[in-house]
Amino acid sequence: MSRSITLGHEMTAAQPISGPCVWTGETLENDATWCRAWPQGAVNEIDRAWRRVSELGLRAPDFHVDAFPLPSLAGFFDSIRSELEDGRGVVRLKGFPVRDYDNTALRSIFWGIGCHLGTALHQTAAGEIIGEVRDESSDGGRVQMQLSAKASGDQAVLASRARARSSGPLRFHTDRCDAIALLCVQNGLQGGVSKLASIPHIHNEILRRRPDLHALLCQDYWRSRPEDEDGPGQEKVFALPIFGVRDGKLTSQYSRTYVEQAQEFEFVPRLTPDQNAALDLLADIAEESCLNSPFEEGDIQLLNNHVVYHGRTAYEDDAAAGKSRLLLRLWLSMPNSRALPEGHEILWGRTDPGAVRGGVERTL
């Protein structure tokens, strides 16, 4: 298959980023204020809201914010949104009593909290809106370890979704939403450590060490649009820079798996050695500067995908001992989100600040 491709996006991002979004793992280890306790009375108020929707016969995701009232927490949620957009870009809420509820109740509670923070988005073309992050690699074939669509005779790259739904490690990446929320329902036997890295810090370090490679990361990289996420019929590849800046605010849409999958299409330009070197340097700096922070059951981790990369270590389950890792996941479009650079509408749909954007169009 032959096809012509025209490059079109190049972002000007040649100045260091400043502000609280620039941090290292050591910074957060020495400043635990990125972790927050629920305000006094919050858990009881959340419980009352859950009981209300239960009495109405409602379950997530079939209710909206008005059905799950949390009036005393409005200011608390405002402060979280502010921290995500204009602060460090990451918050971990501690101590929700997950063992007091079954999984159906926890889905409704997590959904209700998410509705107070932003607008939930579909995560697959099949309509998944509350993700369950667990090991499905041997789940009786219910979810296959899918390979990306192949456009050459080379070995296909394991899809990002298959990696996420296995017990293996996850490389640093962003998701297709302004903010991601994860609720730790249960830990596995061992491993599964959350890894967080400041994108502005990585941006600044690459600019300082190798401005030539930084310039490449501000130009187009071709990525795939995987069928196991977007469904058939979508444009299979698209191009965006790794780093983009608008109105002084940085954004990064990055998954090396998507870049590797795009190389399976013969009409996509081959990555140059320097382009690969730039991605290698990004990964190295993310690894050396990240925070490794294990989840505790009941933690809710929220992060701004524009300024924080996330990943995880491999983990091990022991189902017989009741130690099977389960996280619930929401993709959220945030009402106080930043404007995105021109060209990002190819992935996000809209680029204006505060717009409902991102996620996956439901087509199946």
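Residues numbered from 1 in each chain as written. Predicted model: local features only at pLDDT ≥ 70, side-chain atom pairs only at ≥ 80, totals over all residues. Heavy atoms only, no water.

> Help me understand the side chain of Asn204 in this model?
Its location among the elements puts Asn204 in helix H6 (residues 199-209). A distance of 2.8 Å separates a polar atom in the side chain of Asn204 from the backbone oxygen of Ile17. Apart from residues no more than four positions distant in its own chain, Asn204 is found in contact with Pro16, Ile17 and Val22. (Helix = DSSP H or I, 4+ residues; strand = E, 2+ residues; numbered from the N terminus. Polar contact = N/O pair within 3.5 Å; in protein donor to acceptor, adjacent residues only side chain to side chain. Contact = heavy atoms within 4.5 Å.)

> Help me understand the packing of aromatic side chains in this model?
The way to describe two aromatic rings as a pair is by their centre distance and the angle between their planes. Evaluation of the coordinates by the stated rule reveals eight aromatic pairs. When the centroid spacing of 6.5 Å and the interplanar angle of 65° are considered together, the rings of Trp38 and Phe96 count as edge-to-face. Highlighted residues: Trp38 in the loop between strand S1 (35-37) and helix H2 (42-55) and Phe96 in the loop between strand S2 (90-94) and helix H4 (103-117), separated in sequence by 58 residues. Phe96 shares its class with Trp38; the two are buried. Taken together, a centroid distance of 5.9 Å and an interplanar angle of 10° make the contact between Phe63 and Phe68 stacked. Both residues of the pair, Phe63 and Phe68, belong to the buried class. Members of the aromatic cluster, each reached through a chain of ring pairs, are Trp38, Trp50, Phe76, Phe77, Phe96 and Tyr101. A cation over a ring is seen here: Arg357 above Trp348, with NZ or CZ 5.7 Å from the ring centre. (Phe/Tyr/Trp six-rings, centres within 6.5 Å; stacked < 30°, edge-to-face > 60°. Buried < 20%, exposed > 50% of the residue type's maximum accessible area, 1.4 Å probe, protein only. Lys NZ or Arg CZ within 6 Å of the ring centre and 35° of its normal.)

> Looking at this structure, how should I read the pattern of salt bridges?
Any two side chains of opposite charge can pair, on the condition that their charged atoms come close. In this structure the tally under the stated criterion is 25 salt bridges. The partner of Arg107 in a salt bridge is Glu132, and the shortest N-O contact between them spans 3.4 Å. In this pair, Arg107 sits in helix H4 while Glu132 sits in strand S4 (residues 131-133), placing the two residues 25 residues apart along the sequence. With a relative accessible area of 24%, Arg107 lands in the partly exposed category. A relative accessible area of 25% means that Glu132 is categorised as partly exposed. The partner of Asp212 in a salt bridge is Arg210, with the nearest N and O atoms 2.7 Å apart. Each of Glu85, Asp86, Lys249 and Arg338 takes part in a single network of salt bridges with overlapping partners. (Salt bridge = Lys/Arg side-chain N within 4 Å of Asp/Glu carboxyl O.)

> Would you mind showing me how to read the nonpolar core here?
Note that soluble globular proteins tend to have their nonpolar side chains buried in a common cluster. Trp38, Ile46 and Phe77 are the most contacted members of the largest nonpolar core, which totals 42 residues. Only H2, helix H3 (74-86), S2, H4, strand S6 (179-186), strand S14 (300-304) and strand S17 (326-333) provide two or more residues apiece to this core. If you tally residues by element for this core, the top one is H4, at eight residues. Contact partners of Ile46, with chain neighbours within four places excluded, come to Trp38, Phe68, Leu70, Leu73, Phe96, Ile109 and Ile113. (Core = buried A, V, L, I, M, F, W, Y, C linked by side-chain atoms within 4.5 Å.)

> Which parts of the structure should I look at to understand the environment of Glu45?
Looking at the secondary structure, you find Glu45 in helix H2. Given the relative accessible area of 8%, Glu45 is considered buried. Residues Glu45 and Leu70, 25 residues apart in the sequence, show an inter-C-alpha distance of 6.4 Å. When neighbours within four sequence positions are excluded, Glu45 is seen to be in contact with Pro69, Leu70, Pro71, Ser72 and Leu73.

> What is the right way to read the confidence of the model for the protein chain from this model?
Atom-level detail of predicted coordinates should not be read off regions where pLDDT is low. When pLDDT is averaged across the protein chain, the result is 89; 87% of the residues are at 70 or more. Every residue in residues 1-8 scores below 50 in pLDDT, and together they form 14 contacts with partners more than four places removed in sequence or on other chains. Note that residues 139-154 has pLDDT below 50 and, in this model, 28 contacts with residues that lie over four places away or in other chains. (pLDDT = per-residue confidence, 0-100.)

> Looking at this model, I keep getting lost on the pairing of S6. Mind explaining?
Working note: regular strand, side chains alternate between the two faces of the sheet. Of all the eight residues making up S6, seven are buried; the element is thus mostly covered by neighbouring parts of the structure. Pairing of S6 with S14 involves five bridges; the strand directions are antiparallel. Each residue of the ladder has a partner; that of Leu182, found in S14, is Gln301. (Pairing = 2+ DSSP bridges.)

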